[in-house]
Amino acid sequence: MNTPLRLGVVMDPIGHIKYAKDSTLAMLLAAQARGFELAYMEQGDLSLRDGRAFGRIRPLHVSADPVSWYALGEPKVEPLSNLDCILMRKDPPFDTEYIYTTYILERAEAEGVLIANRPQGLRDMNEKVFTAWFPQCCAPTLITRDMADMEAFLREHGKIVCKPLHGMGGRSIFVVERNDKNMNVIFETLTDYGQRFAIVQRYLPEIVESGDSRVLLIDGEPVPYALARIPTASDNRGNLAAGAKGVGRPLNDRDRWLAGQIGPTLSARGMIFVGLDVIGGYVTEINVTSPTGIRELDKQFGLNIGDMLIQAIERKLRKA
């Protein structure tokens, strides 16, 4: 009998996830259904010893049960090289501890473990800054510390979106219009009085009706449906965490063009599961850390996106 493949996951505490919405759980359910043996780790379970990566690993069994969706076995410290693949699904913040985690995972990668997504890519591809590699796909965008430059950008475009480079889930996102008396304090807050870079983008009014669409890429290829996140009437943010409503829709020609422009580069750099945020036909972010949206699309269209991802991982493991 063949020994089952072992798939590890590095994630936030599994007992605290939202069962109905968690994309990592969808991936784990799919991997288990395809015969993988699951291995659970949190960030604090990882270590380096004499150049080798180790983990305090607990066997994991998952269930499609909203009351009791997981069971963990006893922990055992072992080399990460004992695993065939590791899903890096730790949510941001993308802080120094996150970077240290990618170093540990990169040592496991050097010993032959497939890491999804690749640690170097997680470090290199800031989800807002990396859009600069694809300017043909993006609305006018400025990344700067200079508050005067931000004000000039606002005068040019009349209405802009301002964000920190490290945020997630709609945190600290501001929409600013010309002559807004809060303009200076917003720029000061985001840049820490010119000490930090921030990003400003031309406001895209399509978000009100069409939402902020999440286009999922699996090894560079788009899932055929996108999740449009429609802001509430009292909010500008198209983030589910900020109360936006998730409405699935088929991909359009522009979505597929964007995926064709960006997907091959991401695939070549080891980014197996990525989410493009698209407003009005423009990419505003390229999410590589822990993209979500699987459960909503699965439910609305009868998909199994987790299984699509695990099949892509199996193909890569066969080629290794």
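The structure presented is a predicted model; accordingly, all values stated were derived computationally and were not measured.

Peer 1: Please explain the pattern of salt bridges as it appears in this structure.
Peer 2: It is possible for side chains bearing opposite charge to pair when their charged atoms get close. Within this structure, the stated rule accounts for 21 salt bridges. Of the charged contacts, one joins Glu-177 and Lys-159 as a salt bridge, the two residues approaching to 3.9 Å between their closest N and O atoms. Taken as a pair, Glu-177 in strand β11 (residues 174–177) and Lys-159 in strand β10 (residues 159–164) lie far apart in primary sequence, 18 residues in all. With relative accessibility at 45%, the residue Glu-177 sits in the partly exposed group. Linking Asp-277 and Arg-214 is a salt bridge whose minimum nitrogen-to-oxygen distance equals 2.7 Å. Placement of Asp-277 in strand β17 (residues 273–279) and of Arg-214 in strand β13 (residues 212–218) is noted, with a sequence separation of 63 residues between them.

Peer 1: What is the right way to read unusual backbone geometry from this model?
Peer 2: For residues other than glycine, phi is negative in most cases, and the peptide bonds are mostly trans. Residue Pro-93 is reached from Pro-92 by a cis peptide bond, and omega for that bond is 25°. Mapping Pro-93 onto the fold places it in the loop between β7 (85–89) and α2 (96–110). Of the consecutive residues Ala-116 and Asn-117, the connecting peptide bond is found in the cis state with omega at 5°. Positionally, Asn-117 belongs in the loop between β8 (114–116) and α3 (119–124). One non-glycine residue with positive phi stands out, namely Asn-179, at about 75°. Inspection of the secondary structure puts Asn-179 in the loop between β11 and α5 (183–191). If you check the backbone angles, Asp-219 has positive phi at about 50° while not being a glycine. Of note, Asp-219 is situated in the loop between β13 and β14 (221–222).

Peer 1: Mind showing me how you'd approach the packing of helix α4 (residues 147–157) against α5 here?
Peer 2: Pairs of packed helices are described in terms of their axes, by the angle between the two and the distance that separates them. Look at α4 against α5: their axes get within 10 Å of each other, and the N-to-C directions meet at 130°. With respect to their mutual orientation, α4 and α5 come out oblique. You can see that α4 and α5 cross each other, and the crossing is right-handed. Every residue of α5 that contacts α4 at Met-147, Met-150, Glu-151 and Leu-154 is listed here: Met-183, Phe-187, Glu-188 and Thr-191. Residue classes in the contact of α4 with α5 are distributed as five nonpolar, one polar and two charged.

Cut-off values and rules
- Residues numbered from 1 in each chain as written.
- Predicted model: local features only at pLDDT ≥ 70, side-chain atom pairs only at ≥ 80, totals over all residues.
- Heavy atoms only, no water.
- Salt bridge = Lys/Arg side-chain N within 4 Å of Asp/Glu carboxyl O.
- Helix = DSSP H or I, 4+ residues; strand = E, 2+ residues; numbered from the N terminus.
- Buried < 20%, exposed > 50% of the residue type's maximum accessible area, 1.4 Å probe, protein only.
- Axes fitted to C-alpha atoms, helices over the stretch in contact; angles between N-to-C directions.
- Parallel < 35°, antiparallel > 145°, perpendicular 65-115°, else oblique.
- Left-handed = near helix turned anticlockwise from the far one by under 90°.
- Contact = heavy atoms within 4.5 Å.
- Nonpolar A, V, L, I, M, F, W, Y, C, P; charged D, E, K, R; others polar.

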